[in-house]
Amino acid sequence: MDAPPFGKLELAAAAREAGWTAELEVSGPGGAWRADVLASARTDGLHVALEAQLAALTAYDITARTERMAAYGIRSCWFSDRSRIPWLGEMPVT
């Protein structure tokens, strides 16, 4: 079995260090969405998708993915290792 791409393990470890639970590659009902890392707060049930975006993706695509998860009560936080991110500053903030 291959190791997850760089970034996901680090995001999950950081969430756990902060006292959250974290699962890799979690899918929503019927495959409506998929989170790289789904972090869940132990105290209030807040769920946040931590997305390690290493491949090129448009602002439109990221907005659509963010909105799909939001429809299920999942907030999103996007991370990238790129120095130039075309969608930076264009993402909705909730």
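The structure under discussion appears in the preceding block.
The text that follows walks through the structure, step by step, so that each part is easy to find. (Residues numbered from 1 in each chain as written. Predicted model: local features only at pLDDT ≥ 70, side-chain atom pairs only at ≥ 80, totals over all residues. Heavy atoms only, no water.)

**Re the side chain of Ser 40**
No. 1: Along the chain, the position of Ser 40 falls in strand β2 (residues 34-40).
No. 2: In this structure the side chain of Ser 40 is engaged in a polar contact, spanning 2.7 Å, whose partner is the side chain of His 47.
No. 3: Ignoring anything within four residues of it in the chain, the contact list for Ser 40 reads Trp 20, Thr 21, Leu 46 and His 47. (Helix = DSSP H or I, 4+ residues; strand = E, 2+ residues; numbered from the N terminus. Polar contact = N/O pair within 3.5 Å; in protein donor to acceptor, adjacent residues only side chain to side chain. Contact = heavy atoms within 4.5 Å.)

**A short note on helix α1 (residues 8-17)**
No. 1: When we look at burial in α1, the residues that qualify are Lys 8, Leu 11, Ala 12 and Ala 15. Relative to the axis of α1, the buried residues are bounded by an arc of 95° and lie together on one face.
No. 2: Just beyond α1, the residue with positive phi is Gly 19, at close to 95°. (Buried < 20%, exposed > 50% of the residue type's maximum accessible area, 1.4 Å probe, protein only. Arc of directions from axis to C-beta.)

**Describing the pattern of salt bridges**
Side chains that differ in sign of charge can pair as their charged atoms come close.
No. 1: The final tally for this structure, using the stated rule, is four salt bridges.
No. 2: With a shortest N-O distance of 2.2 Å, Lys 8 and Glu 25 are connected by a salt bridge. Of this pair, Lys 8 sits in helix α1 while Glu 25 sits in strand β1 (residues 21-27), and the two are 17 residues apart along the sequence.
No. 3: Between Arg 65 and Glu 51 there is a salt bridge; the shortest N-O distance is 3.0 Å. Of this pair, Arg 65 sits in helix α2 (residues 59-70) while Glu 51 sits in strand β3 (residues 47-52), placing them 14 residues apart in sequence.
No. 4: We classify Glu 51 as buried; its relative accessible area is 0%.
No. 5: It is possible to trace a salt-bridge network through shared partners that takes in Lys 8, Glu 25, Arg 34 and Asp 36. (Salt bridge = Lys/Arg side-chain N within 4 Å of Asp/Glu carboxyl O.)

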